[in-house]
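Each chain, written out:
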Amino acid sequence: MAPTIEAADGTMRDTDTGSMVIKSLKYAYPNGKQILTDFSLELPPGSRCLLSGANGAGKTTLLQVLAGKTMVGEDVVRVIGKPPFHDINLTCSGDLGYLGSQWRRNVGSAGSVALAGDFSAGKMIFGVDGVDPERRARLVELLDIDLDWSMMTVSDGQRRRVQICMGLLKPFKVLLCDEITVDLDILGR
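Residues numbered from 1 in each chain as written. Predicted model: local features only at pLDDT ≥ 70, side-chain atom pairs only at ≥ 80, totals over all residues. Heavy atoms only, no water.

**Digging into the packing of aromatic side chains**
For the structure shown, the criterion picks out one aromatic pair. With centroids separated by 5.8 Å and ring planes inclined at 90°, the aromatic side chains of Tyr27 and Tyr29 adopt a geometry described as edge-to-face. Take Tyr27: its relative accessible area is 15%, and that puts it in the buried class. The exposure class of Tyr29 is partly exposed, given its relative accessible area of 30%. (Phe/Tyr/Trp six-rings, centres within 6.5 Å; stacked < 30°, edge-to-face > 60°. Buried < 20%, exposed > 50% of the residue type's maximum accessible area, 1.4 Å probe, protein only.)

**Describing helix 1 (residues 59–66)**
The element helix 1 is largely enclosed, with a buried count of six among its eight residues. For helix 1, every residue scored as buried is listed here: Lys59, Thr61, Leu62, Leu63, Val65 and Leu66. Elements in contact with the buried residues of helix 1: strand 3 (20–28), strand 4 (34–43), strand 5 (77–79), strand 6 (96–99) and strand 9 (174–177). Two residues or fewer past helix 1, Gly68 is found with a positive phi of approximately 80°. (Helix = DSSP H or I, 4+ residues; strand = E, 2+ residues; numbered from the N terminus. Contact = heavy atoms within 4.5 Å.)

**What about the nonpolar core?**
Formed by 21 residues in total, the largest nonpolar core has its most connected members in Met20, Leu25, Leu66, Val77, Val79 and Leu176. Looking at this core, the elements that each hand over two or more residues are strand 3, strand 4, helix 1, strand 5 and strand 9. Judged by nonpolar contacts, the second largest core, of 20 residues, contains Ile145, Ile164, Cys165 and Ile180. (Core = buried A, V, L, I, M, F, W, Y, C linked by side-chain atoms within 4.5 Å.)

**Some words on the pairing of strand 3**
Every regular strand shows the same layout, with side chains that alternate between the two sheet faces. Pairing of strand 3 with strand 4 involves six bridges; the strand directions are antiparallel. Looking at strand 4, one finds that Val21 is bridged to Glu42. Hairpin connection from strand 3 to strand 4: five residues lie between these consecutive antiparallel strands, with Gly32 at a positive phi of about 100°. Of the strand pairs in this sheet, strand 3 and strand 5 are connected by three bridges, and their pairing is antiparallel. By the bridge assignment for strand 5, Val21 is matched with Arg78. (Pairing = 2+ DSSP bridges.)

Okay, structure coming up:
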């Protein structure tokens, strides 16, 4: 576990030495099924970690907890020293990125562009402010994205490529990926 220091009020506080610290995480679904029990992990900055396991083992649930999409106690999970569910600046700042296997078009936006409607991939990709133009161009080329694609008519694989591009447009400190290549063909993977 991360080292602690004594705060002015006498309590022990973590010092942020890792990108990710999980302490005795327990999680049960609302129906009561326990999916994660006493899970602990510490990953230092610059780490890469592959999470594998059987279907239904809790991999996606764990990633959603780490991404701040599912609530757990404030002292159980720290990403870059902050509790991801309780500190929205962590996700809003772009320090913590999450690319999941499901892209909910009716929930989010790309800059000022809603994710539901008949618009082009280019409008989405260029609708994000503060992006390095060279980074954007490299991603569009690498992912073989046609900026004129209509997001209402693209295949699942083409939609996934746009999602990956959107998720990587800005730099991040921690990136969580959950089955992001699931819809891609062999060359895209």
